[in-house]
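Each chain, written out:
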Amino acid sequence: MKKRILGLIATTLITGTLVGCGASEGFKDGLKEGMADSKSESTTENNSEVKLKFGELLDINEAENKVVVKAKIEPSTSNKTTIDQNGYNIEDLILNQGFDKYDEIQYWAVADMTDGEESKVISFTVNKELINKIKNKEVVGNQIIDNASDTYILPSLKE
């Protein structure tokens, strides 16, 4: 019951966020197109062992020394903590789950939108230099996104 109530609260928060930023249908449709394969099968053999600190793991795809992590998140108590939870996911993957072996980690997260569809709310790339800084605890979870490249944050989350 608590999960259902939290889910309703999360949906309400995202709804308010999207309405507040005036996200256009074209913008949301463009995001949906990029999400079409978000629930595809993982190519990582140990996918069942990988756990996210926040949200649900949708997919992991490895290619050479790179990995793409796809997550589904829910809003937190503020826009900042909603954003930061993704950095904490990366920190945990690197420090506790062996993801420091990669040269690059691409991460993106989706959330449920008001129309019931999933849309991308954040994405970023962590290069080997940043992975090493995280591993050496020179950069911590709530600093990761500020130091990442190719960062996209849903505009309403930046407010």
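Residues numbered from 1 in each chain as written. Predicted model: local features only at pLDDT ≥ 70, side-chain atom pairs only at ≥ 80, totals over all residues. Heavy atoms only, no water.

We now examine the pattern of salt bridges. The full count for this structure, using the stated rule, is six salt bridges. The closest approach of N and O atoms between Asp59 and Lys70, which form a salt bridge, is 3.7 Å. Residue Asp59 is located in strand 1 (residues 56-63), and its partner Lys70 is located in strand 2 (residues 66-72); the two are separated by eleven residues in the primary sequence. Residue class for Lys70 comes out buried when judged on its relative accessible area of 5%. (Salt bridge = Lys/Arg side-chain N within 4 Å of Asp/Glu carboxyl O. Helix = DSSP H or I, 4+ residues; strand = E, 2+ residues; numbered from the N terminus. Buried < 20%, exposed > 50% of the residue type's maximum accessible area, 1.4 Å probe, protein only.)

Take the environment of Asp115 next. Mapped onto the fold, Asp115 is located in the loop between strand 3 (104-112) and strand 4 (118-127). Of the polar contacts made by the side chain of Asp115, one reaches the backbone nitrogen of Glu117; its length is 3.0 Å. (Polar contact = N/O pair within 3.5 Å; in protein donor to acceptor, adjacent residues only side chain to side chain.)

We now examine helix 4 (residues 128-135). Here helix 4 has its buried residues at Leu130, Ile131 and Ile134. Along helix 4, the residues classed as buried sweep out an arc of 105° about the axis, all on the same side. If you follow the buried residues of helix 4, they end up packed against helix 3 (79-96), strand 3, strand 4 and helix 5 (144-147). Its side-chain oxygen at 3.2 Å from the backbone nitrogen of Glu129, Asn127 defines the N-terminal cap of helix 4. Count one or two residues on from helix 4 and you reach Lys137, which has phi positive near 60°. (Arc of directions from axis to C-beta. Contact = heavy atoms within 4.5 Å.)

This paragraph deals with unusual backbone geometry. A positive phi is found at Glu64, a non-glycine position, where the angle reads about 55°. Looking at the element boundaries, Glu64 is found in the loop between strand 1 and strand 2. You will see that Lys137, though not glycine, has its phi angle at about 60°, which is positive. Within the element layout of this structure, Lys137 appears in the loop between helix 4 and helix 5.

Residues Ile90, Phe99 and Ile105 are the most contacted members of the largest nonpolar core, which totals 34 residues. Secondary structure elements with two or more residues in this core: strand 1, strand 2, helix 3, strand 3, strand 4, helix 4, helix 5 and strand 5 (149-153). Excluding its chain neighbours within four sequence positions, the residues that come into contact with Ile105 are Val67, Val69, Ile90, Ile94, Phe99, Phe124, Thr125, Val126 and Ile131. (Core = buried A, V, L, I, M, F, W, Y, C linked by side-chain atoms within 4.5 Å.)

Attention now moves to the environment of Thr82. Among the secondary structure elements, Thr82 is positioned in helix 3. For Thr82 and Phe54, which are 28 residues apart along the polypeptide, the C-alpha to C-alpha distance reads 9.7 Å. Excluding its chain neighbours within four sequence positions, the residues that come into contact with Thr82 are Ile73, Glu74, Pro75, Ser76 and Leu157.

Right, let's get into the sheet that holds strand 4. Strand order in the open sheet formed by five strands is 1-2-3-4-5, and the pairing between neighbours is mixed. With partners counted over all chains shown, the strands left at the sheet margins are strand 1 and strand 5, one partner each. The sheet shows a mean angle of 15° between the axes of neighbouring strands, direction not considered. This element, helix 4, spans strand 3 and strand 4 of the sheet and lies at about 85° to strand 4. (Pairing = 2+ DSSP bridges. Axes fitted to C-alpha atoms, helices over the stretch in contact; angles between N-to-C directions.)

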